[in-house]
Amino acid sequence: MTRQRPFFVQFLVPAVLVAVIFAAAMFNVLKYSFLEFVPGSLNVGGFTLENFTRINRPIYYWVLLDTFILSFATAFFALLLSYPISFALVRAERNWVRSVLVVLAITPLFTGEIVRTYSWMLVLGSDGVVNTALKSLGIIDRSVPIMYTRVGVVIALVQFAMPVMIILLATAISQINRDCEKAAANLGATPNTVFWWVTIPLTLPGILSGFVVVFAWTMSAFSTPQLIGGGKVLMISNVVYLQGFSSFNLPFAAVLSLVALVAALGSLALMKLLTARLEQNMATS
Amino acid sequence: MSKGTNMRSTLFWTAVVAILVYMTLPAVVVVATSFNPTEVMAFPPNGFSLRWYEKALTYPDFQVAFKNSLIVMGVSSTLAMLLGSSFAYLIFHYNFRGRGLLEAALWSPLIVPHFTTGFGFLLLGSHLNLTQGFAVIVMAHLLLVTPFVTRAVFVSLSNVDPNYARAAANLGATPTRVMVKITVPLILPGMIGGWLIASILSLTEFTASLYVTASRTQTLPVAMYNYIREYADPTISAISALLILSTTAIMIIANHFLGLRRILGIDNG
């Protein structure tokens, strides 16, 4: 057996071990969601379903709706701003232009949440770059509040989401068979027509997966709403943190974590369904 | 080129530049403010001073946190390289019962929100009496960064001609010798690329770390978060500038030697 499958057992054992540890961590979240909260104590009581009924309150519906709206807006604007960059990244004629674009577009992914969020605090704050610039241009007299607003949170979230969106869109654009575009142009289509009726439809699967990945990813954003929202914009992650570390209600924090997990898995499942249908349509038409 | 094409192309590149300014403006502002001589975070800076770099590098909390981060990063990214590479080899070569389940478990940290993962490890750690020690932090980071190594090595394995390994085996090389002399050298770029990405992601990971670290074991991003909540001076700008410059340098080097566009699968030429 080992002769036919070299390294099978040696490579399987560590993978299974780590998978089991992760499963155990996730199981603990599930277990806590069914345990009774003892106010003023980190210890938990016996089995209960009360944590799940507690979520049935308007405030949590609003938080979920807010999370949903902010994630949707982020995915939409990230798509809008990423498409031109991806297009340039794939189609630029000069090699150095493509290299510069890829480094500028991808690096923000690797500077980390805290650095990026802090940078946006400097840009969006009441004495920040945007307000100072607008004041010195005489457009406004007093600082416009951008920090601690939904607009500010979305401005920062879109920039975080763009590298991932750009990678997914660029992959889709680079896979286009350019003969399709050439054929359309030869038949007399203007560049605009070619772009809207050939290029965009051919990259629809990439657009869809980029949108949903960014949507699901933004649903679990934490530091941006925490620092730029400053407690005035609450996403589900911030409520989990508040419940866990301010109220020490670990069971309810566990329930909310599970809700976030289900929302993320649900949106990805939806994407699979939509892309499957899209590919089916494209194959038959 | 007609006039219309020229204008459209000018318009397009203006939009591209404007969007890139939006993407890079925060990084530029953070680097610029780090040179301010006073506590005012003016942009452009009021002068030139390195005092915040001195403060950042000598502030005890950051020194401890930086050391913690290096330990966590070194251990978790190296383990992730070994685990991710062997797992990629496993799923590339073998079909076995329960493979789907194993893959689901090891890819899922990409989808599970980081705060859920962190919360799970917090609970698991307290269950095992390992509360907020390095073992739990390394474990959480290992799971979060391994998928990136697995993907990079899997791509490398797909690009390797299997005939090299077959030829070596036919000539009498043992499986170990084939692995060491043929397979590993051929997938080494993927392994190194994956290790590099894993290191950067571990160094900058914040949300899950916030749950699993204590003040004694806090990593650099957690220490920075705690500082931001209490003080407003350019110290964080200085640390951020150091992190931005080092990650950008790593990305430029990685792009030069490994080809980012090829790793990401967006090269058409």
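Note that the structure is a prediction, hence the values are computed from the model and not measured.

Enquirer: Would you take a moment to explain the UniProt feature "transmembrane region" (unreviewed entry) in chain B for this structure?
Expert: Annotation from UniProt places "transmembrane region" (unreviewed entry) at residues 12-35, 70-92, 104-128, 134-157, 178-201 and 236-258 of chain B. The span residues 178-201 of chain B shows a helical share of 100% and a strand share of 0%, and its end C-alpha atoms are spaced 32 Å apart.

Enquirer: Could you clarify how one ought to interpret the interface of chain B and chain A in this entry?
Expert: Much of the literature gives interface size as the accessible area that the parts lose upon coming together. Taken residue by residue, the interface counts 68 residues in chain B and 69 residues in chain A. Element by element, the count of residues in the side of chain B that touches chain A is highest for helix α1 (residues 3-33) of chain B, at 15 residues. Considering only residue class, the side of chain B that touches chain A consists of 50 nonpolar, 15 polar and three charged.

Enquirer: Teacher, can you tell me more about the confidence of the model for chain B here?
Expert: In low-pLDDT segments, the atomic positions of the prediction should not be examined closely. Residue and element names in this part refer to chain B. Residues at a pLDDT of 70 or more form 95% of chain B, whose mean pLDDT is 90. When the elements of chain B are averaged for pLDDT, helix α12 (residues 260-263) gives the smallest value, 66, and helix α3 (residues 60-93) the largest, 96. Two numbers describe this predicted complex: its pTM, 0.91, and its ipTM, 0.89.

Enquirer: What's the story with the packing of helix α7 (residues 150-174) of chain A against helix α10 (residues 204-219) of chain A in this structure? I'm lost.
Expert: Pairs of packed helices are described in terms of their axes, by the angle between the two and the distance that separates them. All names here are of chain A. Two elements in contact, α7 and α10, have axes separated by 9 Å at closest approach and are oriented at 150°. As the angle between them shows, α7 and α10 are arranged roughly antiparallel. α10 is crossed by α7, and the crossing has right-handed handedness. Residue-level contacts link Leu157, Ala161, Val164, Met165, Leu168, Leu169, Thr171 and Ala172 of α7 to Pro205, Gly206, Ile207, Ser209, Gly210, Val213, Val214, Trp217 and Thr218 of α10. Considering only residue class, the contact of α7 with α10 consists of 12 nonpolar, five polar and no charged.

Enquirer: For this particular structure, what's the right way to read unusual backbone geometry?
Expert: Trans peptide bonds make up most of the peptide bonds, and negative phi angles are found at most residues other than glycine. With an omega of -5°, the peptide bond running from B:Phe43 to B:Pro44 counts as cis. The residue B:Pro44 is located in the loop between α1 and α2 (51-58) in this model. For A:Phe7, which is not glycine, the phi dihedral falls at a positive 70°. As for its position among the elements, A:Phe7 is in the segment before α1 (8-33). Although it is not a glycine, A:Tyr148 adopts a positive phi angle of roughly 65°. Relative to the helices and strands, A:Tyr148 is located in the loop between α6 (129-136) and α7.

Enquirer: For this particular structure, what's the right way to read the UniProt feature "transmembrane region" (unreviewed entry) in chain A?
Expert: Here, the residues flagged by UniProt with the feature "transmembrane region" (unreviewed entry) are residues 7-30, 59-83, 95-112, 152-174, 194-215 and 252-274 of chain A. Secondary structure content for residues 152-174 of chain A is 100% helix and 0% strand, while the C-alpha to C-alpha distance between its ends is 33 Å.

Enquirer: Would you explain the UniProt feature "domain: ABC transmembrane type-1" (unreviewed entry) in chain B in this entry?
Expert: Mapped onto the present numbering, the UniProt feature "domain: ABC transmembrane type-1" (unreviewed entry) falls on residues 66-254 of chain B. In this annotation, residues 66-254 of chain B is assigned 80% helix and 0% strand; the end-to-end C-alpha distance for the span is 23 Å.

Enquirer: What exactly am I supposed to notice about the environment of A:Tyr61 here?
Expert: Residue and element names in this part refer to chain A. Inspection of the secondary structure assignment puts Tyr61 in helix α3 (residues 58-91). Take Tyr61: there are 11 C-beta atoms within 10 Å of it, and that puts it in the exposed class. When the C-alpha atoms of Tyr61 and Leu256 are compared, they prove to be 11 Å apart, with 195 residues separating the residues in sequence.

Enquirer: I'm lost on helix α5 (residues 114-127) of chain B in this one. Help?
Expert: An α-helical turn contains 3.6 residues, so a residue and the one three or four places further along point in the same direction. Given a rise of 1.5 Å per residue, 14 residues ought to cover 20 Å, and the 20 Å separating the end C-alpha atoms of α5(B) matches this to within 8%. All of the buried residues in α5(B) are B:His114, B:Phe115, B:Thr116, B:Thr117, B:Gly118, B:Phe119, B:Gly120, B:Phe121, B:Leu122, B:Leu123, B:Leu124 and B:Gly125. As for α5(B), its buried residues are in contact with α1, α12 (236-245) and α13 (250-284) of chain A together with α6 (134-158) and α9 (207-212) of chain B. Residue B:Asn129 follows α5(B) closely and has a positive phi angle near 60°.

The rules behind these values
Residues numbered from 1 in each chain as written. Chains lettered and ligands numbered in written order. Predicted model: local features only at pLDDT ≥ 70, side-chain atom pairs only at ≥ 80, totals over all residues. UniProt positions renumbered as here; feature names shortened; annotations may be inferred. Helix = DSSP H or I, 4+ residues; strand = E, 2+ residues; numbered from the N terminus. Contact = placed C-beta atoms within 7 Å. Nonpolar A, V, L, I, M, F, W, Y, C, P; charged D, E, K, R; others polar. pLDDT = per-residue confidence, 0-100. Axes fitted to C-alpha atoms, helices over the stretch in contact; angles between N-to-C directions. Parallel < 35°, antiparallel > 145°, perpendicular 65-115°, else oblique. Left-handed = near helix turned anticlockwise from the far one by under 90°. Buried ≥ 20, exposed ≤ 12 C-beta atoms within 10 Å, placed from the backbone. Expected span 1.5 Å × (residues − 1).

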